[in-house]
Amino acid sequence: MPSVMWFRRDLRVHDHPALLAATEAASDGVVPLFVIDPVLWERSGAPRRAYLAASLRALDEQLGGRLTVRCGDPVDVVPQVAREAAAPSVHVSADFAPYGVARDAMVGRALGQTPLVPLGSPYAVAPGRVLTGAGQRFKVFTPFFRAWLAHGWRSPVGAPATDQHWVRLRGDQIPGPIAEVDLPPVGETAALARWEEFRPRLGTYAGDRDRPDRDATSRLSAPLRWGEIHPRTLLADLDDSAAHSKFRAEVAWREFYAEVLAANPEATWRPLRPEYDRIRLAAAGPAFEAWRQGRTGFPIVDAGMRELLATGLMHNRVRMIAASFLIKDLHLDWRLGARHFMDHLIDGDVASNQLNWQWVAGCGTDAAPYFRVFNPTGQGRKFDPDAAYIRRWVPELARASDPHEPTDCPDYPEPIVDHAAERLEALARWAEIRPPVPPD
Ligand SMILES: Cc1cc2nc3c(=O)[nH]c(=O)nc-3n(C[C@H](O)[C@H](O)[C@H](O)COP(=O)(O)OP(=O)(O)OC[C@H]3O[C@@H](n4cnc5c(N)ncnc54)[C@H](O)[C@@H]3O)c2cc1C
C-alpha cells in the first residue's frame, strides 16, 4: 500500500525530510497530494491564486504528472484519500501557523488509526526550539538571533530516488493560468536558479536592499512561503562575511516572526501591546479605497500599492512606507491593511505579514516606537532618488518634472491628506493611550 505525502507549504522535492519519510514508509510508492482548501482559496486575490496554481503545475511536472489535487475541506479530503490508497501513514511538514495547527489537529483526529506523521517545518529551526536561558519564548529579535545562531540547523537532505514510484489517484484539475497576472518564474527549479543567480550578488545586498528601483534583493520570499526552496538550502551556502551575515539576519527575521506567532497565536489579529486596542481609529471609507487602489496622491505609496495589485509583491521598504501611511496618515486599523496585503501578496505569510504590520504600528513585540512617523515623500526621495520605481508603477508620472511631488500631472490625484497635520494627529492619538512613564 502506498503512503500519502500531503503537501502544503513545501512544494518541492529536494531537501524535504517529510517526503523522504513518506518514501521510506511504504514499498508500494507514495501518493503525492495537495488539497485546495476553499477557506484559503476564496479569500485569495488573483496573484496569490495564480502563484499557487503555477507552483502546483511545476510540482506536478517534477512528479511525472502524478500529483493528486483535490478541492475541499482537508478534514474530509485527507482521510478520504488515505482510505482510497489504504495508506499506512500520511506525511506532512509541520505547520506552526494558527490555522494550520488547528487544521492538522482536526485532520489527525479524522484520520483515526492512520497516523499523521509530521517531520521538518518551513523553518531552519522550528518554532519553540530556541528558548531564553530561563526557558521562556523570545520576544525581542536580537537575543533570539544570537540563540538561533548558537542552536544551528541541519544540513540539507537529498531528493528521493529518481525511480521513485508516485501513485496518482482520481483528482480535480489544477486551476488554469490567470491571464491578467504577471508572475515571476514559479516552482522549485526556478527558485534554485534564482538563488544561484542572486548569490554572487550578495556583496551589494546590505547597501542596496532598501532601494526599490534596483534588483538588489533575493526575491525569494514567495518560494520560501510556498516551500519551493527551504531556508536551510540558502543558509548552507552562506559564509561568515559581513554581506552574507546581513542576509542570514533577514532570513532569521522570518524565523523570529514564526516563533512569536507560534508562542502568541492571538497576535494574528490582536496587538501584542494591549494598550493599542484603545487607540482612536478612523472608519474605513474613501481614503482606504484610495490606498488600496494606489490613488492617494503620494507617489511612493501609490507605486507600491499598484505593484502589489499587478504582481502580488511589493519591495520591503515600500511595504513599510505604505503600511505606515495607512496607520499614521489615515489613522486606520492596521488589521485592514494586513488583510489587504494577505489577500494579494504571493508571499503572504500570516506570521511575517501580521507581525511586520504590528512592527510598523508600534504595537508588536519589538521596539519600533509609534512616534517615529515615516514621511512618505522624504522616503521616496531617499530610496528612489531618480523616481525610476515611481515612474514604473505610476505611468501618469512618467513625464512629471518632480515625480515625488507632482504639480503638473492632471491625471494624477491630489494628496488625500496633509502629511504634516496627520503626523501631529497620529502623535496626539498615541499620547491618549501611551502607558505612563514610570517614576525614576
Ligand atoms: C507591512 C509588511 C508586510 C510584510 N508581509 C510579508 C509577508 O506576508 N511575507 C513575507 O515573506 N514577508 C513579508 N514582509 C517582509 C518583507 O517585506 C519581504 O520578506 C521581502 O520584501 C521579500 O523580498 P525578498 O525575498 O527580495 O527579501 P530579501 O531582502 O532578499 O530577504 C531574504 C528573505 O528574508 C526574509 N525577510 C526579509 N525581511 C523580512 C522581514 N522584515 N520579515 C520577515 N522576513 C523577512 C524573507 O523570507 C526574504 O525572502 C512584510 C514586510 C512589511 C513591512
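Anything mentioned here points back to the structure above.
The model shown is predicted, which means the values in this text are computed figures rather than measured ones.

Some thoughts on the site of the ligand
Here's step 1: Among the 27 residues in the neighbourhood of the ligand, the closest are listed as Y205, T217, S218, R219 and N316.
Here's step 2: E250 places a side-chain nitrogen or oxygen 3.2 Å from a nitrogen atom of the ligand.
Here's step 3: When the ligand is considered free in solution it has 830 Å² of accessible area, and contact with the protein chains removes 95% of it.
Here's step 4: Where the shell around the ligand is concerned, the elements lending two or more residues are α9 (221–225), α11 (242–263), α14 (316–329) and α16 (350–361).

Focus: the packing of aromatic side chains
Here's step 1: Within this structure, the stated rule accounts for 20 aromatic pairs.
Here's step 2: With a centroid separation of 6.3 Å and an interplanar angle of 85 degrees, the aromatic rings of F198 and Y205 are classed as edge-to-face.
Here's step 3: Ring geometry for W291 against F341: centres 6.0 Å apart, planes inclined by 5 degrees, an arrangement best described as stacked. Of this pair, W291 sits in helix α12 (residues 286–293) while F341 sits in helix α15 (residues 334–344), placing them 50 residues apart in sequence.
Here's step 4: Residue class for W291 comes out buried when judged on its relative accessible area of 0%.
Here's step 5: By the ring-pair criterion, three or more aromatic residues cluster together here, those being F138, F141, F144, F145, W148, W153, W253, F256 and Y257.
Here's step 6: Taking the ring centre of W226 as reference, the NZ or CZ of R225 above it sits at 4.0 Å.

Overview of the nonpolar core
Here's step 1: Membership of the largest hydrophobic core comes to 42 residues, with the highest contact counts inside it found for W291, V301, M305, M314, I327, F341 and W357.
Here's step 2: Secondary-structure elements contributing two or more residues to this core are α12, α13 (299–311), α14, α15, α16, α18 (388–393) and α19 (419–433).
Here's step 3: Among the elements that line this core, the one with the most residues is α14, at seven residues.
Here's step 4: Not counting residues up to four positions away in its chain, the partners in contact with V301 are W291, T296, I321, A322, F325 and P376.

Re the sheet that holds strand β1 (residues 3–7)
Here's step 1: Spatially, the five strands line up as an open sheet ordered β3-β2-β1-β4-β5, and their pairing is parallel. Each edge of the open sheet carries a strand with a single partner, namely β3 (68–71) and β5 (116–118). The mean angle between the axes of side-by-side strands here comes to 30 degrees, regardless of whether they run parallel or antiparallel.
Here's step 2: Alignment of strand β4 (residues 90–92) against β5, held across three bridges, turns out to be parallel. Residue pairing in the sheet places H91 in a bridge with V117 of β5.

Re unusual backbone geometry
Here's step 1: Located in the positive-phi region is D15, a residue other than glycine, with phi close to 50 degrees.
Here's step 2: Residue placement: D15 occurs in the loop between β1 and α1 (17–25).
Here's step 3: By relative accessible area, D15 is classed as buried at 3%.

As for α12
Here's step 1: For α12, the full list of buried residues reads F288, A290 and W291. Within α12, the buried residues cover an arc of 160 degrees as seen down the axis, which keeps them to one side.
Here's step 2: For α12, the elements touching its buried residues are α13, α14, α15 and α16.
Here's step 3: Taken from the residues just after α12, G294 is the one with a positive phi, measuring 75 degrees.

Structural notes on the pattern of salt bridges
Here's step 1: Scanning the entire structure with this criterion turns up 32 salt bridges.
Here's step 2: The salt bridge involving E196 is made with R199; its shortest N-O contact spans 3.2 Å.
Here's step 3: Looking at E196, the relative accessible area reads 46%, which means it is partly exposed.
Here's step 4: Residue classification places R199 among the partly exposed residues on the basis of a relative accessible area of 26%.
Here's step 5: Here D215 and R201 are joined by a salt bridge, their closest N and O atoms 3.4 Å apart. With a gap of 14 residues between them, D215 in the loop between α8 (205–208) and α9 and R201 in the loop between α7 (188–198) and α8 connect regions that are remote in the sequence.
Here's step 6: The exposure class assigned to R201 is partly exposed, which follows from its relative accessible area of 27%.
Here's step 7: It is possible to trace a salt-bridge network through shared partners that takes in R194, E197, R201, D215 and R219.

Calculation notes
Residues numbered from 1 in each chain as written. Predicted model: local features only at pLDDT ≥ 70, side-chain atom pairs only at ≥ 80, totals over all residues. Heavy atoms only, no water. Near = heavy atom within 4 Å. Polar contact = N/O pair within 3.5 Å; in protein donor to acceptor, adjacent residues only side chain to side chain. Areas by Shrake-Rupley, 256 points an atom, 1.4 Å probe, with all protein chains shown as cover. Helix = DSSP H or I, 4+ residues; strand = E, 2+ residues; numbered from the N terminus. Phe/Tyr/Trp six-rings, centres within 6.5 Å; stacked < 30°, edge-to-face > 60°. Buried < 20%, exposed > 50% of the residue type's maximum accessible area, 1.4 Å probe, protein only. Lys NZ or Arg CZ within 6 Å of the ring centre and 35° of its normal. Core = buried A, V, L, I, M, F, W, Y, C linked by side-chain atoms within 4.5 Å. Contact = heavy atoms within 4.5 Å. Pairing = 2+ DSSP bridges. Axes fitted to C-alpha atoms, helices over the stretch in contact; angles between N-to-C directions. Arc of directions from axis to C-beta. Salt bridge = Lys/Arg side-chain N within 4 Å of Asp/Glu carboxyl O.

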